[in-house]
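# Coordinate inspection notes
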Amino acid sequence: MRRVSAALCLLPVVLLSAAGAVGTADVHAVDLGNRHAPPGVAHWLGTDHLGRDVFARLAQGGWRAVCVMLGAAAITVAAGLALGLAAAMAWTPLRLLALRLAEMLALLPDLVIAIVVVAVLGPSPPALALALGLAGVGPAALLVQGLARQTMRETYVAAAHALGATRAGAARRHVLPAVLPALLTHLAAHVGHIVLGHAGLAFLGLGADSGAPDWGAMLFEHRAHLFEDPALVALPCATLLLLAGGMNLLIEPRSIPRR
């Protein structure tokens, strides 16, 4: 049932993003004589206050949102896993340094991390993916560290060491299978925050350039026309909810396997 619900949520966003990837109408084409046009053959979802094609801008924004989401999720999982394992299994000085770094990243507000990264690297989709990915590394690393230390105390890991297994070998064969399901569950809860965080940064002007059709930037730009043309605000909100909700449903939580 979760998979069916996820498919129903994600299918419109996937089709929209695919249209943005292959290219649609010019997202910057202004036609002041055709402002707030209703949906039709020429403009499937109508036009905005500047006569720009709403479908084309939503599609381009969806493609950017999906790319940022996937990049940020990959950074969160990879960096969180590496930092967490280092905080649990490395030699003492490096282990303590990794643990303090994970705690610092977990304590810093996500918005502060994102602002610093975007200020240093500039507003671009790769910078946003890095910013949102780093914002999730701290909690992910602490989760991995706790589970890894718990797993290392199990008798089967001690037996593996007694039989000559190295730390790296024990981590690969015993610790990772115990940690990854919980990390995937954490990602399921976090990926919606990545989507909404990307929209929030774009809404605040920390996305790409001001003319880029990010969903958050569209909400900021169209908020003044809420009562004149409510669809301009409703459509980006709907796509955000579908993408965030669909990803949460798609990544099914798994419990930690029992040994």
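## A few points about the layout of surface pockets
A volume near 150 Å³ is recorded for the second largest pocket. Taken together, Asp-110, Leu-111, Ala-114, Leu-132, Ala-135, His-190, His-193, Ile-194, Leu-196, Gly-197 and Leu-201 make up the full set of residues lining the second largest pocket. Only helix 4 (110–121), helix 5 (125–135) and helix 8 (167–203) provide two or more residues apiece to the lining of the second largest pocket. Ranked by residue count, the leading element in the lining of the second largest pocket is helix 8, at six residues. Tallied by class, residues from the lining of the second largest pocket come to seven nonpolar, three polar and one charged.

## Some details on the nonpolar core
Met-69, Leu-83, Trp-215 and Leu-243 are the most contacted members of the largest nonpolar core, which has 44 residues in total. Broken down by element, this core gets its largest block of residues, 11 residues, from helix 2 (residues 54–89). Those residues in contact with Leu-83 that lie beyond four places of it in its chain are Ala-98, Leu-101, Ala-102, Leu-105, Val-137 and Ala-141. Grouped together as the second largest cluster of nonpolar side chains are 13 residues, Met-89, Val-175, Ala-182 and Leu-183 included.

## Let's talk about helix 8
Its 37 residues give helix 8 an end-to-end C-alpha distance of only 46 Å, which falls more than 12% under 54 Å, the value for a rise of 1.5 Å per residue. Of all bends in helix 8, the biggest is about 50°, found at Val-175, and the proline Pro-177 comes one to four residues later. Residue Gly-205 follows helix 8 closely and has a positive phi angle near 90°.

## Overview of empty space enclosed by the protein
If you roll a probe as big as a water molecule over the atoms, it shows you where there is empty space left. As enumerated under the stated definition, the model contains one cavity of 30 Å³ or more in all. Roughly 30 Å³ of volume is contained in the largest cavity. In terms of lining, the largest cavity is formed by Ala-65, Val-195, His-198, Ala-199, Ala-202, Asp-214, Trp-215, Gly-216 and Leu-240. Mapped onto the lining of the largest cavity, the elements with two or more residues apiece are helix 8 and helix 9 (215–222). Sort the elements by how many residues they give to the lining of the largest cavity and helix 8 lands first, with four residues. Taken together, the residues that form the lining of the largest cavity break down as six nonpolar, two polar and one charged.

## Concerning the environment of Val-195
For Val-195, the position within the fold is in helix 8. Classification of Val-195 by relative accessible area gives buried; the value is 5%. As for Val-195 and Met-218, which are separated by 23 residues in sequence, their C-alpha atoms are 15 Å apart. Not counting residues up to four positions away in its chain, the partners in contact with Val-195 are Met-69, Leu-240, Leu-243 and Ala-244.

The rules behind these values
- Residues numbered from 1 in each chain as written.
- Predicted model: local features only at pLDDT ≥ 70, side-chain atom pairs only at ≥ 80, totals over all residues.
- Heavy atoms only, no water.
- 1 Å grid on protein atoms, 1.4 Å probe; cavity = no way out; pocket = protein on both sides within 12 Å on 5 of 7 lines; lining within 4 Å.
- Points joined across faces, edges and corners; volume = space filled by probe spheres on them.
- Helix = DSSP H or I, 4+ residues; strand = E, 2+ residues; numbered from the N terminus.
- Nonpolar A, V, L, I, M, F, W, Y, C, P; charged D, E, K, R; others polar.
- Core = buried A, V, L, I, M, F, W, Y, C linked by side-chain atoms within 4.5 Å.
- Buried < 20%, exposed > 50% of the residue type's maximum accessible area, 1.4 Å probe, protein only.
- Contact = heavy atoms within 4.5 Å.
- Expected span 1.5 Å × (residues − 1).
- Bend = angle between axes of the 7 residues up to and from the residue.

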